Amino acid sequence: VQLQASGGGLVQAGGSLRLSCAASGLTFSTHVMGWFRQGSGKEREFVASISWSGLHTYYTGSVKGRFTISRDSRKNTVYLQMNSLKPEDTAVYYCAAKKDYSGRLYDVAYEYDVWGQGTLVTVSS
């Protein structure tokens, strides 16, 4: 089982990035997918999650209206479109998966079973 995150980089404040997370070795359609981030010297925090069907999403308040999580079951990939980036969005971003097809969403790290390696996003002011 593997989650491979990509798409991070350096961007100026106000810019955009799209992160991708490709899943392999699991039944993608039965998993809730989530994005978390961890800034330097900070604890890992929840960013967004999406249900197995893609019909339900949930965001932490600081990114609501700026970030969009989506998934493509044909490609076994979850995305995080990040717009209007701010310096405080600088962090290593991690994708995670949890087997659940009840429609419930999760915003706590320990609830997730599988984690990717992280991709660094740096937003300059």
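Residues numbered from 1 in each chain as written. Predicted model: local features only at pLDDT ≥ 70, side-chain atom pairs only at ≥ 80, totals over all residues. Heavy atoms only, no water.

Undergrad: How do you make sense of the pairing of strand β11 (residues 119-124) when you look at a structure like this?
TA: Only one face of β11 is covered, namely the one carrying Thr 119, Val 121 and Val 123; the face carrying Leu 120, Thr 122 and Ser 124 has none of its residues buried. The pairing of strand β2 (residues 9-12) with β11 spans four bridges and is classified as parallel. Across the sheet, Gln 12 pairs through a bridge with Ser 124, a residue of β11. With three bridges connecting them, strand β9 (residues 91-99) and β11 associate as antiparallel partners. The partner of Val 92 across the bridge, within β11, is Leu 120. (Buried < 20%, exposed > 50% of the residue type's maximum accessible area, 1.4 Å probe, protein only. Helix = DSSP H or I, 4+ residues; strand = E, 2+ residues; numbered from the N terminus. Pairing = 2+ DSSP bridges.)

Undergrad: Before we go on, may I ask you to explain the pattern of salt bridges in this structure?
TA: Two side chains carrying opposite charge are able to pair once their charged atoms lie near each other. The full count for this structure, using the stated rule, is five salt bridges. With its nearest N and O atoms 2.9 Å apart, the salt bridge here joins Arg 37 to Asp 89. In this pair, Arg 37 sits in strand β4 (residues 31-38) while Asp 89 sits in the loop between β8 (77-82) and β9, placing the two residues 52 residues apart along the sequence. Classification of Arg 37 as buried rests on a relative accessible area of 4%. Across the pair Glu 111 and Arg 104 runs a salt bridge whose closest N-O atoms are separated by 3.9 Å. The network of salt bridges with shared partners includes Arg 37, Glu 45, Arg 66 and Asp 89. (Salt bridge = Lys/Arg side-chain N within 4 Å of Asp/Glu carboxyl O.)

Undergrad: What should I look at first to understand the state of the cysteines in this one?
TA: When the sulfur atoms of two cysteines share a covalent bond, that bond is a disulfide. Under the definition given, this model contains one disulfide. Paired by a disulfide, Cys 21 and Cys 95 hold their sulfur atoms 2.0 Å apart. Disulfide Cys 21-Cys 95: the torsion about the S-S bond is 60°, which places it as right-handed. Here Cys 21, found in strand β3 (residues 17-24), pairs with Cys 95, found in strand β9; they are 74 residues apart in sequence, far enough to count as distant. Both residues of the pair, Cys 21 and Cys 95, belong to the buried class. (Disulfide = S-S within 2.5 Å.)

Undergrad: Mind showing me how you'd approach the side chain of Arg 37 here?
TA: A polar side-chain atom of Arg 37 sits 2.9 Å from a polar atom in the side chain of Asp 89. A polar side-chain atom of Arg 37 sits 2.9 Å from a polar atom in the side chain of Tyr 93. When neighbours within four sequence positions are excluded, Arg 37 is seen to be in contact with Glu 43, Arg 44, Glu 45, Val 47, Ser 62, Val 63, Phe 67, Glu 88, Asp 89, Ala 91, Val 92 and Tyr 93. (Polar contact = N/O pair within 3.5 Å; in protein donor to acceptor, adjacent residues only side chain to side chain. Contact = heavy atoms within 4.5 Å.)

Undergrad: Would you explain the sheet that holds β8 in this entry?
TA: Backbone-to-backbone hydrogen bonds join strands into a sheet, with any given pair of strands oriented parallel or antiparallel. What the four strands build is an open sheet, ordered β1-β3-β8-β7; its pairing is antiparallel. Each edge of the open sheet is held by one strand with a lone partner, namely β1 (2-6) and β7 (67-72). Pairwise comparison of adjacent strand axes, ignoring direction, gives a mean angle of 15° for this sheet. By the bridge criterion, six bridges tie β3 to β8 in an arrangement that is antiparallel. Residue pairing across strands places Leu 19 opposite Leu 80, the latter belonging to β8. (Axes fitted to C-alpha atoms, helices over the stretch in contact; angles between N-to-C directions.)

Undergrad: Would you mind showing me how to read the nonpolar core here?
TA: Ranked by internal contacts, the top residues of the largest apolar core, which has 29 residues, are Leu 3, Trp 35, Leu 80, Met 82 and Tyr 93. Secondary structure elements with two or more residues in this core: β1, β3, β4, β5 (45-50), β7, β8, β9 and β11. Discounting chain neighbours no more than four positions away, the residues touching Tyr 93 are Leu 19, Trp 35, Phe 36, Arg 37, Val 47, Phe 67, Leu 80, Met 82, Gly 118, Thr 119 and Val 121. Listed in part, the six residues of the second largest apolar core include Val 32, Phe 46, Ala 96 and Tyr 106. (Core = buried A, V, L, I, M, F, W, Y, C linked by side-chain atoms within 4.5 Å.)

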